[in-house]
Amino acid sequence: MKAVRDPKYLHHLRSERCVLTGVRATEYESVVPMHIGTRGTGLKSGDDEVIPVRSSLHSRGHDGGEASMLRREAPDWLLREAFRAYAREQYREWVGRYRP
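All figures in this text were calculated on a predicted structure; none of them were measured in a lab. (Residues numbered from 1 in each chain as written. Predicted model: local features only at pLDDT ≥ 70, side-chain atom pairs only at ≥ 80, totals over all residues. Heavy atoms only, no water.)

Q: Any details on the pattern of salt bridges? Residues and values, ideally.
A: For the structure on display, the rule yields five salt bridges. Arginine 84 is the salt-bridge partner of glutamate 81, the closest N and O atoms lying 2.9 Å from each other. Note that glutamate 81 and arginine 84 are positioned in helix α4 (residues 76–98) at a spacing of three residues, about one turn of the helix. Note on glutamate 81: relative accessible area 37%, which makes it partly exposed. Here arginine 84 falls in the partly exposed class, since its relative accessible area comes to 42%. (Salt bridge = Lys/Arg side-chain N within 4 Å of Asp/Glu carboxyl O. Helix = DSSP H or I, 4+ residues; strand = E, 2+ residues; numbered from the N terminus. Buried < 20%, exposed > 50% of the residue type's maximum accessible area, 1.4 Å probe, protein only.)

Q: Let's hear about the nonpolar core: which residues, and what values?
A: Cys18, Leu20, Met34, Ile51, Val53, Leu57, Met69, Ala74 and Leu78 form the largest nonpolar core, which has nine residues in total. Beyond its immediate chain neighbours, meaning those up to four positions away, alanine 74 contacts Leu20 and Leu79. (Core = buried A, V, L, I, M, F, W, Y, C linked by side-chain atoms within 4.5 Å. Contact = heavy atoms within 4.5 Å.)

Q: Kindly report on the environment of valine 23, identifying the contributing residues and their values.
A: Looking at the secondary structure, you find valine 23 in the loop between α1 (7–13) and β1 (31–35). Between the C-alpha atom of valine 23 and that of valine 53, which follows or precedes it by 30 residues, the distance is 8.8 Å. Ignoring any residue separated from it by four or fewer positions in sequence, one finds valine 23 in contact with Arg17, Cys18, Val31 and Arg54.

Q: Please give an account of the pairing of β1 that cites residues and values.
A: Along β1, five of the five residues are buried, which leaves the element largely enclosed by surrounding structure. Sheet topology note: the β1/strand β2 (residues 50–54) ladder contains five bridges and is antiparallel. Of the residues in β2, the one forming a bridge with methionine 34 is isoleucine 51. (Pairing = 2+ DSSP bridges.)

Q: I'd love a proper account of the packing of helix α2 (residues 55–64) against helix α3 (residues 66–73), names of residues and values included.
A: α3 packs onto α2 with a crossing angle of 135 degrees between their chain directions and a minimal axis gap of 6 Å. Taken together, the axes of α2 and α3 lie oblique to each other. Listed contacts from α3 to Leu57, Arg60, Gly61 and Gly64 of α2 are Glu66, Ser68, Met69, Arg72 and Glu73. Taken together, the residues that form the contact of α2 with α3 break down as two nonpolar, three polar and four charged. (Axes fitted to C-alpha atoms, helices over the stretch in contact; angles between N-to-C directions. Parallel < 35°, antiparallel > 145°, perpendicular 65-115°, else oblique. Nonpolar A, V, L, I, M, F, W, Y, C, P; charged D, E, K, R; others polar.)

In C-alpha coordinates form, the structure reads like this:
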(Lines give C-alpha, C1' and ligand atoms only; values in the text may rest on other atoms or scores of the structure.)
Protein backbone atom coordinates (compact mmCIF):
# COMPACT_ATOMS: atom_id res chain seq x y z
CA MET A 1 0.00 0.00 0.00
CA LYS A 2 1.37 3.39 -0.99
CA ALA A 3 1.65 6.00 1.76
CA VAL A 4 -0.53 9.07 1.33
CA ARG A 5 1.34 12.38 1.22
CA ASP A 6 -0.78 15.44 1.91
CA PRO A 7 1.47 18.51 2.34
CA LYS A 8 -1.46 20.67 3.51
CA TYR A 9 -2.31 18.23 6.29
CA LEU A 10 1.32 17.89 7.36
CA HIS A 11 1.60 21.71 7.42
CA HIS A 12 -1.60 21.88 9.49
CA LEU A 13 -0.10 19.54 12.12
CA ARG A 14 2.67 22.08 12.70
CA SER A 15 0.03 24.47 14.10
CA GLU A 16 -1.42 21.87 16.47
CA ARG A 17 -0.43 21.18 20.07
CA CYS A 18 2.10 18.43 20.74
CA VAL A 19 -0.01 15.36 21.47
CA LEU A 20 2.43 14.30 24.21
CA THR A 21 2.89 17.59 26.09
CA GLY A 22 -0.02 19.80 25.02
CA VAL A 23 2.43 22.59 24.08
CA ARG A 24 2.13 24.63 20.87
CA ALA A 25 5.14 25.69 18.82
CA THR A 26 7.15 28.61 20.17
CA GLU A 27 9.95 30.71 18.76
CA TYR A 28 12.33 28.25 20.47
CA GLU A 29 10.81 24.93 19.46
CA SER A 30 8.51 23.85 16.68
CA VAL A 31 5.85 21.17 16.56
CA VAL A 32 6.46 18.73 13.71
CA PRO A 33 4.64 15.76 12.19
CA MET A 34 6.03 12.40 13.37
CA HIS A 35 5.19 9.28 11.38
CA ILE A 36 4.70 6.41 13.80
CA GLY A 37 5.29 2.71 13.52
CA THR A 38 7.96 2.64 10.83
CA ARG A 39 11.24 2.55 12.74
CA GLY A 40 13.88 0.65 10.85
CA THR A 41 11.86 0.14 7.69
CA GLY A 42 13.23 3.07 5.72
CA LEU A 43 9.64 3.91 4.75
CA LYS A 44 7.14 6.35 6.18
CA SER A 45 3.60 5.41 7.02
CA GLY A 46 0.64 7.23 5.55
CA ASP A 47 -0.56 10.57 6.83
CA ASP A 48 -3.24 8.78 8.85
CA GLU A 49 -0.40 7.51 11.06
CA VAL A 50 1.14 10.87 11.93
CA ILE A 51 1.03 12.76 15.22
CA PRO A 52 2.16 16.31 16.05
CA VAL A 53 5.06 16.34 18.52
CA ARG A 54 7.64 18.86 19.72
CA SER A 55 10.74 18.75 17.54
CA SER A 56 12.95 17.73 20.49
CA LEU A 57 10.75 14.68 21.13
CA HIS A 58 10.80 13.82 17.43
CA SER A 59 14.60 13.90 17.53
CA ARG A 60 14.65 11.70 20.62
CA GLY A 61 12.45 9.24 18.77
CA HIS A 62 15.09 8.99 16.05
CA ASP A 63 18.03 8.83 18.46
CA GLY A 64 16.80 6.50 21.19
CA GLY A 65 13.96 4.70 19.52
CA GLU A 66 10.42 5.81 18.84
CA ALA A 67 8.76 3.27 21.13
CA SER A 68 11.03 4.12 24.06
CA MET A 69 10.37 7.83 23.67
CA LEU A 70 6.61 7.29 23.40
CA ARG A 71 6.58 5.08 26.51
CA ARG A 72 8.43 7.75 28.51
CA GLU A 73 6.49 10.76 27.26
CA ALA A 74 2.91 9.62 26.59
CA PRO A 75 0.47 10.90 29.24
CA ASP A 76 -1.91 8.42 30.85
CA TRP A 77 -5.00 9.85 29.13
CA LEU A 78 -3.41 9.27 25.72
CA LEU A 79 -2.46 5.69 26.53
CA ARG A 80 -6.01 4.97 27.68
CA GLU A 81 -7.44 6.46 24.46
CA ALA A 82 -4.98 4.48 22.33
CA PHE A 83 -5.91 1.22 24.03
CA ARG A 84 -9.62 2.02 23.78
CA ALA A 85 -9.24 2.68 20.05
CA TYR A 86 -7.32 -0.58 19.68
CA ALA A 87 -9.99 -2.52 21.58
CA ARG A 88 -12.81 -0.99 19.49
CA GLU A 89 -11.00 -1.85 16.26
CA GLN A 90 -10.39 -5.44 17.40
CA TYR A 91 -14.08 -5.83 18.24
CA ARG A 92 -15.14 -4.37 14.85
CA GLU A 93 -12.88 -6.84 13.06
CA TRP A 94 -14.21 -9.72 15.13
CA VAL A 95 -17.83 -8.74 14.45
CA GLY A 96 -17.06 -8.46 10.73
CA ARG A 97 -15.57 -11.95 10.67
CA TYR A 98 -17.77 -13.95 13.00
CA ARG A 99 -21.18 -12.28 13.18
CA PRO A 100 -23.53 -12.11 10.20
